[in-house]
Amino acid sequence: APEVKMLSSAIDFQAKTVSMVMTQLKDVFMMSIDSVLDTRTMCQLMETGHSRIPVYSGARTNIVGIIVVKDLIILSPEHAIPLRNLMGIIGRTPIETHSDERLTELMNTFKSGQAHIAVVKDVVVDPDGDADPQYVLRGIVTMEDVIEALLNTEIADE
Ligand code: ADP
């Protein structure tokens, strides 16, 4: 019966964690803060089809902010503005989560904030216990990933 199906998927959802639905780091489209917003870069951005792009400095594991592609609509590619100059104006600070966080928790965070994307970071403890714990970036997760898990079905994205 549909009621039974709904209840059992609600129970499954309770058990789901971020690692089960996130987009892994290697698959995340990001931009370097050293990028220049010229025609080539703007076209690349458009082609990804993603609306939010993490911005890194130096290494891809060092995310310094998120840009929302629609915020770039007023820019002229001829001006080739360095992304670095814009970060203070349009850059957003991402929510942080970790691999083992329950999707029910993350959903609450998404609902209470304005951002619908989070970066997934885990603490890795040095086995010898000498060094300070390190953060390792695992990937990103969006509200869409959480809702998809909730519905337990693929949402066709337009
Ligand atoms: P969008 O429509 O901007 O892609 P959604 O929140 O609808 O964003 O997410 C759709 C899927 O794309 C999700 O699986 C999400 O993790 C993934 N995703 C979102 N942004 C990026 C990105 N910059 N690089 C790679 N995958 C992304």
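Cut-offs used in this document
- Residues numbered from 1 in each chain as written.
- Predicted model: local features only at pLDDT ≥ 70, side-chain atom pairs only at ≥ 80, totals over all residues.
- Heavy atoms only, no water.
- Pairing = 2+ DSSP bridges.
- Helix = DSSP H or I, 4+ residues; strand = E, 2+ residues; numbered from the N terminus.
- pLDDT = per-residue confidence, 0-100.
- Salt bridge = Lys/Arg side-chain N within 4 Å of Asp/Glu carboxyl O.
- Buried < 20%, exposed > 50% of the residue type's maximum accessible area, 1.4 Å probe, protein only.
- Axes fitted to C-alpha atoms, helices over the stretch in contact; angles between N-to-C directions.
- Parallel < 35°, antiparallel > 145°, perpendicular 65-115°, else oblique.
- Left-handed = near helix turned anticlockwise from the far one by under 90°.
- Contact = heavy atoms within 4.5 Å.
- Nonpolar A, V, L, I, M, F, W, Y, C, P; charged D, E, K, R; others polar.

## Structural notes on the sheet that holds strand β2 (residues 31-32)
- Strand order in the open sheet made by the 3 strands is β2-β4-β5, with mixed pairing throughout. Looking at the sheet topology across the chains shown, the edges are occupied by β2 and β5 (63-68).
- Of the strand pairs in this sheet, strand β4 (residues 52-56) and β5 are connected by 5 bridges, and their pairing is antiparallel. If you follow Tyr 56 over to β5, its bridge partner there is Ile 63.

## Notes on the confidence of the model for the protein chain
- Averaged over all residues, the pLDDT of the protein chain is 91; the fraction at 70 or higher stands at 96%.
- Note on the complex model: pTM 0.90, ipTM 0.98.

## A few points about the pattern of salt bridges
- Counting across every chain of the model gives 5 salt bridges.
- A salt bridge links Arg 84 to Asp 34; the nearest nitrogen and oxygen atoms lie 2.6 Å apart. You can see Arg 84 sitting in helix α3 (residues 83-90) and its partner Asp 34 sitting in the loop between β2 and β3 (36-37), a full 50 residues away along the chain.
- Since its relative accessible area comes to 47%, Arg 84 is described here as partly exposed.
- A salt bridge links Arg 138 to Asp 122; its shortest N-O distance comes to 2.8 Å.

## Re the packing of helix α4 (residues 103-112) against helix α5 (residues 143-151)
- Running from N to C, α4 and α5 point in directions that differ by 135°, and their axes come no closer than 10 Å. By the criterion of interaxial angle, the relationship of α4 to α5 is oblique. Of the two elements, α4 crosses α5, and the hand of that crossing is left-handed. Residues Leu 103, Leu 106, Met 107 and Phe 110 of α4 lie in contact with α5, whose contacting residues are Met 143, Val 146, Ile 147 and Ala 149.
- Counted by class, the contact of α4 with α5 contains 8 nonpolar, no polar and no charged residues.

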